[in-house]
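Inside the fold
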Amino acid sequence: MDIVMTVAGSDSGGGAGIQADLKTFQELGVFGTTAITALTAQNTWGVEGIVSVEQDFVKQQMLTVLADFPVRALKTGMLFSAEIIEGVAQVLADKDMLLVIDPVMIAKGGAPLLQRSAIEALKKHLLPIATVITPNIPEAAELSGIEITSAEDAKKAAHILLQTGVNCVVMKGGHLEGDQAVDAVYFADGTSFMMESQRIRTKQTHGTGCTFSAAITAFLGKGFELKEAIIEAKKYVQLAISHPLNIGNGHGPTNHFAYKHYKNQVEVMVVEA
Ligand SMILES: Nc1ncnc2c1ncn2[C@@H]1O[C@H](COP(=O)(O)OP(=O)(O)OP(=O)(O)O)[C@@H](O)[C@H]1O
Ligand SMILES: Cc1ncc(CO)c(N)n1
């Protein structure tokens, strides 16, 4: 059995965070383990409260699982504070795992999921050891320190991020306009490609980012090459958005049941750049 781990926050509404990650892992046939960094009281309207977990206990959750299970791929989501980031990096320092860093900063409703003082810690401690990072445009702008208003800017930001030592940057285009949802992928070896899928006009997009990075983690855990893992994950999230469950009155969650029913009916165009 392929085993993966998510180090992230709990979303009591079940659409994002640890809950989205475990649902994705289950659907993709990998065994999911967890280290919870924070609890959120959350629904499809937004985040009502956050209680963070102490650094030592985040580390203990990770170490306890890693002592027992051969975890092949690990993702991080909401890490909340510089202290937690430093603790996670300490645990990962002597481990050999594929690492997906989703630099979660702000929830769809606007609530901060990462303290501002933690952005530097993320750059310093986690980007250099990442196999792949999956920023959306606002996150890429924060991490690179440049404003992003065009595809050219996004490319420039990706190259700034590659200089931190990360092996691959997936620039998610969910927040951009246009009929296509376009993600641009840049590797440290200078190669790149774009993925395009039809943009779905819907409010049911709570947890899309978590779902996407969890799917990359699951496919890496199953032994897929990084590029194939990223493309297959895009298909998973496209299906999860295009067959909405219509739960809740705000931004509804993605549908994890869709992939197994429709995986041969999804179109993601891959354009080599
Ligand atoms: N309306 C949409 N239609 C199709 N694909 C979408 C849509 N919105 C986002 N995506 C895709 O979903 C994936 C996640 O992207 P997104 O930019 O939404 O992440 P995010 O902002 O980190 O999500 P979250 O708000 O959950 O943190 C990307 O592959 C993106 O292209
Ligand atoms: C716990 C948690 N992690 C990540 C996100 C980002 O979607 C969220 N809303 N909640």
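My aim in this report is to walk through the structure given alongside it, one point at a time. Note that the structure is a prediction, hence the values are computed from the model and not measured. (Residues numbered from 1 in each chain as written. Chains lettered and ligands numbered in written order. Predicted model: local features only at pLDDT ≥ 70, side-chain atom pairs only at ≥ 80, totals over all residues. Heavy atoms only, no water.)

Let's shift gears to the overall build of the chain. For the chain, the count of helices and strands is 9 helices and 10 strands. Compactness check: the chain gives a C-alpha radius of gyration of 17 Å against a globular reference of 19 Å for 273 residues, within 12% of the reference. With respect to the three principal axes, the spread of C-alpha positions in the chain is 45 × 40 × 35 Å. In the chain, which comprises 273 residues, the proportion classed as buried is 55%. When contacts within the chain are restricted to residue pairs at least 6 apart in sequence, long-range pairs at least 24 apart make up 68% of them. Of the roughly 12,100 Å² of accessible surface on the chain, 52% is carried by carbon and sulfur atoms. Here the chain contributes 21 positive and 29 negative side-chain charges, whose respective centroids are spaced 3 Å apart. (Helix = DSSP H or I, 4+ residues; strand = E, 2+ residues; numbered from the N terminus. Rg over C-alpha atoms; globule rule 2.2 N^0.38 Å. Buried < 20%, exposed > 50% of the residue type's maximum accessible area, 1.4 Å probe, protein only. Contact = heavy atoms within 4.5 Å. Areas by Shrake-Rupley, 256 points an atom, 1.4 Å probe, with all protein chains shown as cover. Lys, Arg positive; Asp, Glu negative; His and termini not counted. Charge placed at Lys NZ, Arg CZ, Asp CG, Glu CD.)

Turning our eyes to something else, we now look at helix H3 (residues 82-92). Of all 11 residues in H3, 8 are buried; the element is thus mostly enclosed. Among the residues of H3, Ala82, Ile84, Ile85, Gly87, Val88, Ala89, Val91 and Leu92 are the ones counted as buried. Where H3 is buried, its residues touch strand E1 (3-11), strand E2 (31-42), helix H2 (55-68), strand E4 (73-76), strand E5 (98-101) and helix H4 (119-126).

What follows concerns the pairing of E2. Within a regular strand, side chains alternate between the sheet's two faces. Here E1 pairs with E2 via 9 bridges, running parallel. Opposite Ser10, over in E2, you have Leu39 as the bridge partner. Taken together, E1, helix H1 (residues 17-27) and E2 form a β-α-β motif whose crossover is right-handed. Judged from the 5 bridges that link them, E2 and strand E3 (residues 47-52) form a sheet pairing that is antiparallel. If you follow Ala38 over to E3, its bridge partner there is Ser52. Linking E2 to E3, which pair antiparallel, is a turn of 4 residues; within it Gly46 sits at a positive phi near 160°. (Pairing = 2+ DSSP bridges. Right-handed = clockwise from strand over helix to strand, strands pointing away.)

With that settled, consider the site of ligand 2. The full set of residues close to ligand 2 is Gly9, Ser10, Ala16, Gly17, Gln42, Met78, Val104, Ala107, Leu113, His206 and Cys210. Here a nitrogen atom of ligand 2 sits 2.8 Å away from a polar atom, N or O, in the side chain of Gln42. In isolation ligand 2 offers 290 Å² of accessible surface; the protein chains occlude 92% of this area. Looking at the shell around ligand 2, its residues break down into 6 nonpolar, 5 polar and no charged. (Near = heavy atom within 4 Å. Polar contact = N/O pair within 3.5 Å; in protein donor to acceptor, adjacent residues only side chain to side chain. Nonpolar A, V, L, I, M, F, W, Y, C, P; charged D, E, K, R; others polar.)

With 54 residues, the main nonpolar core has Met5, Val7, Met62, Val88, Leu122, Leu126 and Met171 as its most contacted residues. A per-element tally of this core places H3 first, with 7 residues. Of all hydrophobic cores here, the second largest spans 33 residues; its members include Val4, Val30, Ala229 and Tyr259. (Core = buried A, V, L, I, M, F, W, Y, C linked by side-chain atoms within 4.5 Å.)

This next bit is on the packing of aromatic side chains. This structure, assessed with the given rule, holds 5 aromatic pairs. Ring geometry for Phe187 against Phe193: centres 6.2 Å apart, planes inclined by 25°, an arrangement best described as stacked. Taking the relative accessible area as the measure of exposure, Phe193 reaches 2% and is therefore buried. Taken together, the ring pairs connect Phe219, Phe224, Tyr236 and Tyr259 into an aromatic cluster. The cationic tip of Lys227 hangs over the ring face of Phe193; the distance from NZ or CZ to the ring centre is 4.9 Å. (Phe/Tyr/Trp six-rings, centres within 6.5 Å; stacked < 30°, edge-to-face > 60°. Lys NZ or Arg CZ within 6 Å of the ring centre and 35° of its normal.)

Residues Glu54, Asp56, Glu83 and Glu86 make up a contiguous surface patch of negative charge. By secondary structure assignment, the location of Glu54 is in the loop between E3 and H2. (Patch = residues over 30% accessible without salt bridge, like charges linked within 9 Å, V, L, I, M, F, W, Y side chains within 5 Å. Salt bridge = Lys/Arg side-chain N within 4 Å of Asp/Glu carboxyl O.)

Moving on to the site of ligand 1. With respect to spatial proximity, 17 residues lie near ligand 1, and among them Lys108, Lys172, His175, Asp183 and Ile200 are the closest. Ile200 is positioned with one of its backbone polar atoms (N or O) 2.9 Å from a nitrogen atom of ligand 1. Between an oxygen atom of ligand 1 and a main-chain N or O atom of Gly209, the distance comes to 3.0 Å. Elements supplying a minimum of two residues to the shell around ligand 1: strand E8 (180-187), helix H7 (208-221) and helix H8 (226-242). The element contributing the most residues to the shell around ligand 1 is H8, with 4 residues. Among the residues making up the shell around ligand 1, the classes are represented as 4 nonpolar, 8 polar and 5 charged.

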